[in-house]
Amino acid sequence: MGAGRRLLLSLSPERRRCAAVIGLMAASALGEMAVPYYMGRASDWVAREDELAAILPMVLLGLSSAVTELVCDVTFVGILSRTQSRLQRRVFAAVLRQDIAELRTDGAGDVATRVTRDAEDVREALGEALSLLLWYLARGVCLFATMAWLSPRMALLTALALPLLLALPRAVGHFQQALAPQMQKAQAQASEVAVETFQAMATVRSFANEDGAAAHYRQCLQQSHRLEMKDVALYTVSAWTSGFSALALKVGILYYGGRLVAAGTVSTGDLVTFLLYQMQFTDVVEVLLCYYPTLTKAVGSSEKIFEFLDREPQLTPSGTMAPSELQGHLQLEDVWFSYPGRQEPVLKGVSLELRPGKVLAVLGPPGGGKSTLVALVSRLHQPTAGRLLLDGHPLPTYQHSYLCRQVAVVPQEPLLFARSLHANISYGLGCCSRAQVTAAARQVGAHNFITRLPQGYDTEVGELGGQLSGGQRQAVAIARALLRDPRILILDEHSSALDTECQQQVEQEILAARGSGRAVLMVTGRAALAAQAQWVAVLEGGEVCQQGPPHEVLRPGSHTWHLLQDWGQQGAPGEGDRGSGGEG
Ligand SMILES: Nc1ncnc2c1ncn2[C@@H]1O[C@H](COP(=O)(O)OP(=O)(O)O)[C@@H](O)[C@H]1O
Ligand SMILES: [Mg+2]
């Protein structure tokens, strides 16, 4: 279905109000056309000294037209505002259903533009174009009816010439419509570059790349500027073609009318009246044609929105299983995965088992696929082949919210929201008491630094948690995971930035898992940390190249021991823990 039709369909919940607006506009147009008629009559009535009869209709017409206009405007603005927020809500919901990897490819700026700018553009274009189009359409219909009543033949000639009048600007409008999405893309790219630069201000400055960033932004703006110039040129061409064709119609009617008068079919008076109405009519058509491109632009803007809404939701539908007792036995069976748009698989037949009450360390060099593995277990991506089982059932058979409560993940680069620490730790759990939040913070040794902050747990952490140190963010993220008291805890390089106090606390907490029956999957680049687990799996190049108890895997002379030497670490636990692989 074309974007234009879908745009009209998006107005369909408002169809009663739209019909009311059209009716009111038609009434208003009729009222306006009646004014010249009464003006003529009024002079007659004044001559007959019947002032009331002369003034009353005019006053009534003026009043009713003012009221009609007001009601019409209010209704119309309401329609637009509701349609815009409906579109925005739908796009926002569609974004939440998308595949994470694909969204990253699109870029947050581009996606945000869909939700805010494009929806606004559509509203603006619709508001401007549609209101005028409807108004002039109503006037055009009334005028044409009068013309047909005056002289059916000349009205027919006008009607026959109309398709020609419409065809030319339509062709130009077609190009404009194609240009609109390109312009949007260029603008979105520019805003994405700006947002990215501002977010990474510290990096830009420390690499003294202010000029480079500015040049990059300028390039994006230039592209946008080129497209805008093209758009303006097209607009001029379309305005010119419509003006020219309207003039051609006027001349044509004058010529044909003159011949009808010569033949005696039409009186001179009727020709003059007809021409007066016809001139108004061509004005109306001209305005309609002028606004046609604006409308096609609105259609163009909406195209990208609809394209986004049409994307298949990538989340596999949530299952229904939510058993009250969960063991926490996680199995990966021959799991393969490649990122969309990349051929080379990142995981190549990974098989692992995490048993309740045990700690499994996944050790590997940077780029080995550890974070990807975590993302698959968190169901951010679907494996290309293979299965992930929880207590023997595939992950997708479980309820989404149930899984998120039972399996808590601390990502490698945890992001916080621009809210208070309390809200961040209790994120997604609804209301949690301060005591619960404090207990979770104590578990990871974060309570001390939090109480030292000016507003304690009510301190706002700034955009993306930017007002905290990397280690503090990580500690808060671990507290957020622990507050759920999950059956399975997954930590991705959790100690890469933690200070010693937090690190010790977290390690204690991990080791305490044995008693509580919680299973812990600990991803790390550090051999010393892996040595504390009950089982170590070594992930290199997307494959598990060795697994077993730590004393075996990390034994001097083992395959992994040799690998660790290559990564710049030593196999023996406790020594060589330089954290060099910690930023994997
Ligand atoms: N979003 C992504 N899109 C495409 N490739 C990715 C993406 N994330 C990671 N990769 C690639 O997958 C490989 C494994 O990355 P990752 O799982 O982060 O490794 P690790 O956590 O072990 O350092 C790397 O080669 C990386 O380039
Ligand atoms: Mg990683």
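Residues numbered from 1 in each chain as written. Chains lettered and ligands numbered in written order. Predicted model: local features only at pLDDT ≥ 70, side-chain atom pairs only at ≥ 80, totals over all residues. Heavy atoms only, no water.

### Brief notes about the sheet that holds strand E8 (residues 519–524)
Strands sit in the order E6-E7-E8-E3-E9-E10 across an open sheet of 6 strands; the sheet is mixed. This sheet does not close on itself; its edge strands, each paired only once, are strand E6 (407–410) and strand E10 (543–548). Ignoring strand direction, the axes of neighbouring strands in this sheet form an average angle of 15°. Of the strand pairs in this sheet, strand E7 (residues 488–492) and E8 are connected by 5 bridges, and their pairing is parallel. If you follow Leu489 over to E8, its bridge partner there is Val520. Across the sheet, helix H15 (residues 470–482) lies against E6 and E7, angled at about 180° from E6, the strand it touches most. (Pairing = 2+ DSSP bridges. Helix = DSSP H or I, 4+ residues; strand = E, 2+ residues; numbered from the N terminus. Axes fitted to C-alpha atoms, helices over the stretch in contact; angles between N-to-C directions. Contact = heavy atoms within 4.5 Å.)

### Details of the side chain of Arg6
The residue Arg6 is located in helix H1 (residues 3–10) in this model. A polar side-chain atom of Arg6 sits 2.9 Å from a polar atom in the side chain of Asp310. (Polar contact = N/O pair within 3.5 Å; in protein donor to acceptor, adjacent residues only side chain to side chain.)

### Observations concerning the coordination of the magnesium ion (ligand 2)
All of the protein donors around the magnesium ion (ligand 2) are Ser371 (OG) and Gln412 (OE1); their distances to the metal are 2.0 to 2.2 Å. One end of the pair, Ser371, is in helix H10 (residues 370–377); the other, Gln412, is in the loop between E6 and helix H12 (421–425), with 41 residues separating them in the sequence. (Donors = N, O, S within 2.8 Å, 3.2 Å for Na, K, Ca; no water.)

### Concerning helix H16 (residues 500–511)
Between its first and last C-alpha atoms H16 spans 16 Å; for 12 residues at 1.5 Å apiece the expected length is 16 Å, and the two agree. When we look at burial in H16, the residues that qualify are Cys502, Gln503, Val506, Glu507 and Ile510. Viewed along the axis of H16, the buried residues span an arc of 130°, placing them on a single side of the element. Exposed positions of H16 whose direction lies more than 90 degrees from the buried face are Gln504 and Gln508. (Expected span 1.5 Å × (residues − 1). Buried < 20%, exposed > 50% of the residue type's maximum accessible area, 1.4 Å probe, protein only. Arc of directions from axis to C-beta.)

### Some thoughts on the layout of surface pockets
Its boundaries defined by the atoms lining it, the second largest pocket holds a volume of some 830 Å³. As for the second largest pocket, its lining consists of 31 residues, and the residues nearest its centre are Leu130, Leu133, Leu137, Tyr292 and Leu295. Where the lining of the second largest pocket is concerned, the elements lending two or more residues are H1, helix H2 (15–47), helix H5 (108–150), helix H6 (152–199) and helix H9 (268–310). The biggest single contributor to the lining of the second largest pocket is H9, with 9 residues. (1 Å grid on protein atoms, 1.4 Å probe; cavity = no way out; pocket = protein on both sides within 12 Å on 5 of 7 lines; lining within 4 Å. Points joined across faces, edges and corners; volume = space filled by probe spheres on them.)

### Side note on the sheet that holds strand E5 (residues 393–394)
Across the sheet, which stays open at both edges, the 4 strands sit in the order E2-E1-E4-E5 with antiparallel pairing between neighbours. Of all the strands in the sheet, just strand E2 (347–354) and E5 have a single pairing partner and so form its edges. Across 5 bridges, strand E1 (residues 330–337) lies against strand E4 (residues 385–390) in antiparallel orientation. The residue of E4 that forms the bridge with Leu330 is Leu390. Against the sheet, H10 contacts E1, E2 and E4, and its axis sits at roughly 115° relative to E1.

### Describing the environment of Ser426
Within the secondary structure layout, Ser426 lies in the loop between H12 and helix H13 (434–443). Between the alpha carbons of Ser426 and Arg480 there is a distance of 6.2 Å; along the sequence they are 54 residues apart.

### Topic: H10
Burial of H10 is extensive: 7 of the 8 residues sit out of reach of the surface. Turning to H10, its buried residues number three or more, namely Lys370, Thr372, Leu373, Val374, Ala375, Leu376 and Val377. Directly beyond the C-terminal end of H10, a positive phi value near 65° is found at Arg379.

### Let's talk about the site of ligand 1
Neighbouring ligand 1 are 12 residues; Gly367, Gly369, Lys370, Ser371 and Thr372 lie closest to it. For ligand 1, a nitrogen atom lies 3.0 Å from a polar atom in the side chain of Arg342. The contact in question runs from an oxygen atom of ligand 1 to an N or O atom on the backbone of Gly368, over 3.1 Å. Look at ligand 1: alone it shows 550 Å² of surface, and the protein chains cover 70% of it. Residue composition of the shell around ligand 1, grouped by class: 4 nonpolar, 6 polar and 2 charged. (Near = heavy atom within 4 Å. Areas by Shrake-Rupley, 256 points an atom, 1.4 Å probe, with all protein chains shown as cover. Nonpolar A, V, L, I, M, F, W, Y, C, P; charged D, E, K, R; others polar.)

### As for the confidence of the model for the protein
For the protein, per-residue confidence averages 82 on the pLDDT scale, and residues scoring 70 or more make up 92% of the total. The weakest mean pLDDT in the protein belongs to helix H17 (residues 513–516) at 71; the strongest belongs to E1 at 95. Throughout residues 571–584 the model reports pLDDT below 50, and contacts reaching past four residues in sequence, or to other chains, amount to 31 contacts. (pLDDT = per-residue confidence, 0-100.)

### Concerning the UniProt feature "transmembrane region" (unreviewed entry) in the protein
Following the UniProt record, the feature "transmembrane region" (unreviewed entry) maps to residues 21–40, 52–80 and 132–150 here. Overall, residues 132–150 shows 100% helix and 0% strand. The separation of its end C-alpha atoms is 27 Å. (UniProt positions renumbered as here; feature names shortened; annotations may be inferred.)

### What to know about the domain arrangement of the protein
Parsing the protein into structural domains produces domain 1 (3–310) and domain 2 (338–567). Put simply, the middle of domain 1 and the middle of domain 2, counted by C-alpha atoms, are 54 Å apart. On the domain 2 side, the residues contacting the 4 residues of domain 1 number 6 residues. Between domain 1 and domain 2 lies a buried interface of about 410 Å² when both sides are counted; carbon and sulfur atoms form 64% of it. For domain 1, the biggest contributors to the area lost against domain 2 are Ile100, Ala101 and Gln199; these three give 68% of the whole. Taken together, the connections running from domain 1 to domain 2 amount to 0 salt bridges. In this assembly, domain 1 and domain 2 are joined by 0 residue pairs in polar contact (both at pLDDT 80 or more). Of the residues contributing to the side of domain 1 that touches domain 2, the split by class is 2 nonpolar, 1 polar and 1 charged. (Domains from an automatic or database assignment. Buried area = accessible area lost by both parts, 1.4 Å probe. Salt bridge = Lys/Arg side-chain N within 4 Å of Asp/Glu carboxyl O.)

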